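# A look at the structure
Letter by letter, the chains look like this.
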Amino acid sequence: MIRFDYHFPIRIHFGQGCFEETLKKELSKYDKTVMLAYGGGSLKHTGLYDRIVALLTEAGKTVVDFAGIMPNPTYKKVQEGARIAREQKVDLILAVGGGSVSDCCKIISAQARLDADIWDYEYSERKLPTDFIPMGVVVTASGTGSEQNNGAVITHEERKQKSALWGAFADFAILDPDLTKTVPMRQVVSGAFDTLSHCMETYFGNPHATNVSDEINEAIQRNVIQNLRAIIANPDDDHARSELMWDSAMGENGILKLGKQTDFQCHMLEHQLGAYTDCNHGQGLAVLHSVLYKHIYKNAPEKFNRWAQEVWSLRNAEEGIDALEKFIREVGLPTKLSEMGLKLDEDTTRAIAESTVITLGCCKQLTAEELCEILNECK
Ligand code: NZQ
Ligand code: ZN
């Protein structure tokens, strides 16, 4: 185990049907002005918007509406939200949505209390924000586990970068699986695959000697695979839906990362693919993962063999990677960029590869050249 300090500051409310009761309790702890932040339209279609506005009104809050946070949220949207939050003197940001809404709000919360441009502050000045507007998250689509940490993935359109920024930890997060029942199955699958990816990206990081975090991780991976199959077979399977929601949280609440350096090379490549194409995160990962693993597994043979045995009940790394690829097809995810409607020309392929962060925790330090090869093999 590598040395660590662990502190988890978020109050988690989990369970089917817990949403109204727990939100009411939480709202009573905050001052009057609440920014209700959400995505592109699902909140109103599902009726959840009206339910939340009713709860806010009943609690005597003034509602500042902030709509239109897009999948792959942009830096421009962050700045718009921060300006409104500042002008309206918002006391609480209530983020209602999936990873995109939660990510955007974490940075709004920080930028609203910071004079400097937060991108420059974090990337050029190498500083982290310390003052935040309090924030709460109501999760309506699980998979990213974004509500569990203070990292956010934001697309800076002018810089052509989709990168991590560090913002607020939510004070509280409400995980009510019932709220995810309207998520289209395609997005349920994409989200669950993202969870599996987070687990694998953590598992294969250094050191490779298996520790207790890895053993818990193997259980979570098996659980995601089993419950994703179950929910595809029966979308009314509440047990599977709940399990996937908690798997998503476990992937990103830090527990699996204790005593490890994570890998996340596949994520870095997918994020840049997203910066250039605005593609769906889980689908991008699905295309890249097994191809990337074929390039790196020989650098950590024992770990990949163990993974094949413990997660897939197979004999060795090659069989495990093959099983992963088959699973991706089985659940209806793409295995080629062309299946996502993406056609990358040579210049774009190179630009994506060259702008991808190379992670220290990956068992093989990839070059831009090899990342190009990986992208070409994915076409
Ligand atoms: O925008 P609306 O209309 O609300 O529709 C959304 C969106 O189109 C829809 N949706 C959400 N809840 C729904 C629903 N539709 C019907 N019923 C509901 N209850 O789902 C679509 C996708 O939402 P989005 O939030 O974009 O998806 P996801 O949760 O997969 O988040 C993806 C973003 O999270 C980042 C990704 O890079 C991407 O930008 N990630 C954040 C991480 C983190 N902070 O820890 C980790 C991840 O690796 C990831 O990179
Ligand atoms: Zn992810």
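For the structure itself, consult the block above.
Report on the accompanying structure. (Residues numbered from 1 in each chain as written. Chains lettered and ligands numbered in written order. Predicted model: local features only at pLDDT ≥ 70, side-chain atom pairs only at ≥ 80, totals over all residues. Heavy atoms only, no water.)

## Here's the deal with the pairing of strand 6 (residues 151-156)
Counted residue by residue, strand 6 has 6 buried out of 6 residues, so it is predominantly covered. With burial as the criterion, each face of strand 6 is covered, one bearing Gly151, Val153 and Thr155 and the other bearing Ala152, Ile154 and His156. Two strands pair when backbone bridges link them, and strand 6 and strand 7 (residues 161-166) are joined in this way by 6 bridges, in the antiparallel orientation. Bridge pairing in strand 7 links Ala152 to Leu165. Taking the residues between adjacent antiparallel strands as the criterion, strand 6 and strand 7 are bridged by 4 residues, where Lys160 takes a positive phi near 55 degrees. (Buried < 20%, exposed > 50% of the residue type's maximum accessible area, 1.4 Å probe, protein only. Helix = DSSP H or I, 4+ residues; strand = E, 2+ residues; numbered from the N terminus. Pairing = 2+ DSSP bridges.)

## Side note on the pattern of salt bridges
A full pass over the atoms with the stated rule returns 25 salt bridges. Where Lys29 meets Glu26, a salt bridge forms, and the shortest distance between an N and an O atom there is 3.3 Å. Assessed through its relative accessible area of 1%, Glu26 is described here as buried. Through salt bridges with shared partners, a single ionic network connects Arg11, Glu26 and Lys29. (Salt bridge = Lys/Arg side-chain N within 4 Å of Asp/Glu carboxyl O.)

## With respect to the coordination of the zinc ion (ligand 2)
For the zinc ion (ligand 2), the protein coordination sphere consists of Asp194 (OD), His198 (NE2), His267 (NE2) and His281 (NE2), at 2.0 to 2.2 Å. Site description for the zinc ion (ligand 2): donor spacing in sequence, D-x3-H-x68-H-x13-H. Pair noted here: Asp194 and His198 are both in helix 7 (residues 185-203), with a separation of 4 residues, about one helical turn. Take Asp194 and His198: they sit in the same class, and that class is buried. (Donors = N, O, S within 2.8 Å, 3.2 Å for Na, K, Ca; no water.)

## Observations regarding the packing of helix 12 (residues 301-312) against helix 13 (residues 317-330)
Their axes nearest at 7 Å, the elements helix 12 and helix 13 cross at an angle of 50 degrees. It follows from the interaxial angle that helix 12 and helix 13 lie oblique. As helix 12 packs across helix 13, the resulting crossing turns out to be left-handed. Residues Phe304, Asn305, Trp307, Ala308 and Trp312 of helix 12 form the contact with helix 13, whose own contacting residues are Ala317, Gly320, Ile321, Ala323, Leu324 and Phe327. Class assignment for the residues of the contact of helix 12 with helix 13 results in 9 nonpolar, 2 polar and no charged. (Axes fitted to C-alpha atoms, helices over the stretch in contact; angles between N-to-C directions. Parallel < 35°, antiparallel > 145°, perpendicular 65-115°, else oblique. Left-handed = near helix turned anticlockwise from the far one by under 90°. Contact = heavy atoms within 4.5 Å. Nonpolar A, V, L, I, M, F, W, Y, C, P; charged D, E, K, R; others polar.)

## Considering unusual backbone geometry
Between Asn206 and Pro207 the backbone carries a cis peptide bond, its omega angle lying at -15 degrees. One non-glycine residue, Asn72, adopts positive backbone phi at about 60 degrees. In this structure, Asn72 sits in the loop between strand 3 (62-66) and helix 4 (75-87). A residue is classified by how much of its surface remains accessible, and Asn72, at 10% relative accessible area, is buried. Its identity is not glycine, yet Ser313 carries a phi of approximately 55 degrees, on the positive side. Here Ser313 falls in the exposed class, since its relative accessible area comes to 63%.

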